[in-house]
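# Fold and geometry: a report
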Amino acid sequence: MNTGIPFLPFPHRHLLGIEGLSPDEITLLLDRSESYVEQNRQVDKKQALLRGRTVINLFFENSTRTRTSFELAGKRLGGDVINMSVQASSIKKGETLIDTAMTLTAMHPDVLVVRHPESGAVQLLAEKVDGAVINAGDGSHEHPTQALLDALTIRRRKGRLQGLVVAICGDILHSRVARSNIALLNIMGARVRVVAPRTLLPAEIERLGVEVFHDMAGGLKEVDIVMMLRLQTERFHGSFVPSIREYFHFFGLDYAKLAAAKPDALIMHPGPMNRGVEIDTAVADDIDRSAIRQQVEMGVAVRMACLEVLTRNLSDAAPAK
Ligand code: ASP
């Protein structure tokens, strides 16, 4: 699609995380995504950019939004997409992962989109395969396309990222979404706060370049963006909150707590949402304040842009292995 946006090179073979990307590279991905937002609103959403290319979605962990949107993204660009779900319980960690990588490489995929419950597993796999690898979430480590779609949503609603004050609230400890967003927002010149009980914050979180708050009244004061996170109970080893009721009372986003933020503050959540746990239903569904549906829409566009830039980097010749 000729968008008039110049195509600058993206000097990375894989997209494993936000860390290591430059402001220009992030801007390039967001600008490319813009053209796909428009394309996705047309009746004919399809083009042939990925014709002949194979994308494999390899998911070792559950997903609804991310897997579906990568599938749609690949198909809308004209590629062949297959989905492979592997039950985490049947994996013998490293060994099986490498076996899977070798098997898949023999099928010559151009792009592998990988989600895995272990931090670092996607990087390991990327070292073993020939094509490009996109991290669709590895443990509590990174989820780069989520941070990019969040950034695109914010940029469209607020016109910029630079200088905005963003509060990321809830289960920071287990959240790859938080890590990728903290990295991206810092690179792009936003100010990041984290708001959470002490039990849900990693040690030395300040080193990531955030301001830390343990109460919503202080943490949300005058912020532009309120980003809520799900309690990742599947990653809980032990007890991190006294009770759901108490957690909602102190950290669940409702209108009373939102009142501390700027009057036009935007509400975000990566999904899946636990209504009544980290966010009140009325707030989540507030069409004027909540960008949650728009985040899902931006997800498809961002994933199209990522597939586009990474496949442009692959040489036309198939590797001779
Ligand atoms: N969907 C996001 C993730 O995969 C957030 C979540 O699951 O809470 O990390």
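Every value quoted in this text rests on a predicted model; they were computed, and no experiment measured them. (Residues numbered from 1 in each chain as written. Predicted model: local features only at pLDDT ≥ 70, side-chain atom pairs only at ≥ 80, totals over all residues. Heavy atoms only, no water.)

Turning our eyes to something else, we now look at the overall build of the chain. Of the regular secondary structure elements, the chain holds 11 helices and nine strands. Taken over C-alpha atoms, the radius of gyration comes to 19 Å for the chain, in line with the 20 Å a tight globule of 321 residues would show. Counting only C-alpha atoms, the chain reaches 60 × 50 × 35 Å along its principal axes. In the chain, which comprises 321 residues, the share counted as buried stands at 55%. Pairs at least 24 apart in sequence give 75% of the contacts found in the chain among residues at least 6 apart. Surface summary for the chain: the accessible area is close to 14200 Å², and the carbon and sulfur share equals 53%. Each charge sign in the chain was given a centre, from 38 positive and 38 negative side chains, and these centres are 2 Å apart. (Helix = DSSP H or I, 4+ residues; strand = E, 2+ residues; numbered from the N terminus. Rg over C-alpha atoms; globule rule 2.2 N^0.38 Å. Buried < 20%, exposed > 50% of the residue type's maximum accessible area, 1.4 Å probe, protein only. Contact = heavy atoms within 4.5 Å. Areas by Shrake-Rupley, 256 points an atom, 1.4 Å probe, with all protein chains shown as cover. Lys, Arg positive; Asp, Glu negative; His and termini not counted. Charge placed at Lys NZ, Arg CZ, Asp CG, Glu CD.)

If you trace the five strands from one edge of the open sheet to the other, you get S7-S6-S5-S8-S9, paired in parallel fashion. Either end of the sheet is taken by a strand with one partner, and the two such strands are strand S7 (211–213) and strand S9 (266–268). Taken over all neighbouring pairs, the strand axes of this sheet differ in orientation by 20° on average, direction set aside. Sheet topology places strand S5 (residues 165–169) next to strand S6 (residues 191–195); five bridges connect them, and they run parallel. Residue pairing in the sheet places Ile168 in a bridge with Val194 of S6. Together, strand S8 (225–228) and S9 form the strand contacts of helix H5 (residues 144–158), whose direction differs from that of S9 by roughly 165°. (Pairing = 2+ DSSP bridges. Axes fitted to C-alpha atoms, helices over the stretch in contact; angles between N-to-C directions.)

Further remarks concern the nonpolar core. Formed by 91 residues in total, the largest nonpolar core has its most connected members in Ile134, Leu148, Ile168, Ile172, Leu184, Val226 and Leu253. In terms of residue count, the dominant contributor to this core is helix H11 (residues 292–313) (11 residues). Among all residues touching Ile168, those that are not within four sequence positions of it are Ala178, Asn181, Ile182, Leu185, Val192, Arg193, Val194, Val195, Met227 and Leu229. (Core = buried A, V, L, I, M, F, W, Y, C linked by side-chain atoms within 4.5 Å.)

The next subject is the environment of Met84. Tracing the backbone through its elements, the reader meets Met84 in strand S2 (residues 80–85). Owing to a relative accessible area of 27%, Met84 belongs among the partly exposed residues under this scheme. In sequence terms Met84 and Val277 are 193 residues apart; their C-alpha atoms lie 31 Å from each other.

Applying the stated rule across the entire model yields one aromatic pair. Between the aromatic rings of Tyr247 and Phe251, the centroid separation amounts to 5.8 Å while the plane-to-plane angle is 25°, which identifies the pairing as stacked. Of this pair, Tyr247 and Phe251 both sit in helix H8 (residues 244–251), four residues apart, which is roughly one turn of the helix. On the accessibility criterion, Phe251 (9% relative accessible area) is buried. Above the ring of Phe248, the side-chain terminus of Lys257 is found at 5.4 Å from the ring centroid. (Phe/Tyr/Trp six-rings, centres within 6.5 Å; stacked < 30°, edge-to-face > 60°. Lys NZ or Arg CZ within 6 Å of the ring centre and 35° of its normal.)

All right, on to the packing of H5 against helix H6 (residues 176–187) then. Taken N-terminus to C-terminus, the directions of H5 and H6 make an angle of 55°; their axes are 8 Å apart at the nearest point. The angle between H5 and H6 falls in the class oblique. At the point where H5 passes H6, the crossing takes the right-handed sense. Across the interface between the two elements, Pro144, Gln146, Ala147, Leu148, Asp150, Ala151 and Ile154 of H5 pack against Val177, Ser180, Asn181, Leu184 and Leu185 of H6. Its residues placed into classes, the contact of H5 with H6 shows eight nonpolar, three polar and one charged. (Parallel < 35°, antiparallel > 145°, perpendicular 65-115°, else oblique. Left-handed = near helix turned anticlockwise from the far one by under 90°. Nonpolar A, V, L, I, M, F, W, Y, C, P; charged D, E, K, R; others polar.)

This is a description of form; function is not addressed.
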